[in-house]
Amino acid sequence: MKTLIIAEIAQAHEGSLGIAYSYIDALAACGVDAVKFQTHVAEAESSLAEPFRVKFSYVDQTRMDYWKRMEFTLEQWKGLKSHCDEVGVEFMSSPFSCAAVDILEEVGVKRYKIGSGEVSNFLLLEKIARTGKPIILSSGMSDYRELVETIDFLRPFGNELSILQCTTAYPTAPEQWGLQELAVLKEKFGLPVGYSDHSADITACIAASALGAEILEFHAVFDRRMFGPDAKASLEINEIKQLVASVRRLEQSFAADASKLDVSKYSELKTMFGKSLAVNKALKAGHVLRREDLESKKPSDQGIPAKFFQQVIGKVLNKNLNQWDFLREEDLK
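What you are looking at is a predicted structure, and each value in this text was computed from that prediction instead of being measured.

What counts, and where the lines are drawn
Residues numbered from 1 in each chain as written. Predicted model: local features only at pLDDT ≥ 70, side-chain atom pairs only at ≥ 80, totals over all residues. Heavy atoms only, no water. Domains from an automatic or database assignment. Core = buried A, V, L, I, M, F, W, Y, C linked by side-chain atoms within 4.5 Å. Buried < 20%, exposed > 50% of the residue type's maximum accessible area, 1.4 Å probe, protein only. Helix = DSSP H or I, 4+ residues; strand = E, 2+ residues; numbered from the N terminus. Contact = heavy atoms within 4.5 Å. UniProt positions renumbered as here; feature names shortened; annotations may be inferred. Phe/Tyr/Trp six-rings, centres within 6.5 Å; stacked < 30°, edge-to-face > 60°. Lys NZ or Arg CZ within 6 Å of the ring centre and 35° of its normal.

Considerations on the domain arrangement of the protein chain
Domain annotation for the protein chain reports domain 1 (4–255) and domain 2 (264–331). Put simply, the middle of domain 1 and the middle of domain 2, counted by C-alpha atoms, are 64 Å apart.

Printed below as a string of structure tokens:
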């Protein structure tokens, strides 16, 4: 099974179309499967009453100003989608309003990722569900009761659903990763599960992959020292390249047959590294063998296998043996 690896640019482009294109190119070169943005229509999703999650901005007086600065036109979104197609990655974007869904339908997205804050926004979820496209839910700010309500709401529409373990903290410390929740979510909902990361550490995603995550999502940034609300919780480009390579190696490992039922392919090595019994001193015919007389030496096909040492203790030699001679059945009475 191939893990869907999603690198989220989100607002790391800072409203610059050129930087957005640069991120697509850099992430495609890392080998990710999808590049994800966030589609914001400020007037449709926000208001002057919305506070800053992180007061980071030196240029935006209000959160509304920030969302306006993050907007792209429909034609610009289409251009970004087209560029993703050209470099071989899937274009994705999370909508935060019904108006944003309209834009993304015009652009032609393949699936929808629902941000943690939208899990109970049934107005938005219904509009997305009616597209018939797959839906990936992030569990970041939701308890099990809320997740049950949302999944129960979505199931009748028949969309392909999956759910991501996520902790809404930027960045998340190891004790907040919640990797054990992958198994809990899988058991509770019977859906494909994945991991949405904000740790700024590739360890979390690699571990999630090893634990069965079918989807990995993380924030991407050229440098964590950059301006923006998510920079400190993001992975840098070189880290992403390393992460992708690690996950693909894990996939190879899980796909391979490493069963212990048949180890015949190791027979030559087992002989080479295996041991045969030998004597550790010169012994005369008639000597009664003791544990203290025995040694084990490579290879394993030169006499009595070392695992049978207890069976030769107390046996009598019928010939003289030199120090370090292998001990064979014909040497014993």
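That shown, we press on.
Here we look at the nonpolar core
Among the nonpolar cores identified, the biggest contains 65 residues, and Leu-27, Val-32, Val-35, Phe-37, Phe-91, Phe-218 and Ile-240 are the most heavily contacted of them. By residue number, the principal contributor to this core is helix 1 (residues 17–30), which donates 7 residues. Beyond its immediate chain neighbours, meaning those up to four positions away, Val-32 contacts Ile-5, Ala-7, Leu-27, Val-89, Phe-218, Ile-240 and Val-244. If you look at the next biggest cluster of nonpolar residues, it comprises 11 residues, including Leu-277, Val-279, Leu-289 and Val-312.

Describing the UniProt feature "domain: AFP-like" (unreviewed entry) in the protein chain
In this structure's numbering, the residues bearing the UniProt feature "domain: AFP-like" (unreviewed entry) are residues 276–333. Secondary structure within residues 276–333 divides into 7% helix and 14% strand; the distance between the first and last C-alpha atoms comes to 19 Å.

Section: the packing of aromatic side chains
Under the criterion given, the structure shown has 8 aromatic pairs. Judged by centre distance (5.2 Å) and plane angle (80°), the ring pair of Phe-72 and Trp-77 falls under edge-to-face. An aromatic cluster is built from Phe-37, Phe-72, Trp-77 and Phe-91, whose rings are joined through pairwise contacts. Positioned over the ring face of Tyr-144 is Lys-188, at 5.2 Å from the centre of the ring. Over the ring of Phe-309 we find Arg-291, and its NZ or CZ is 5.6 Å from the ring centre.

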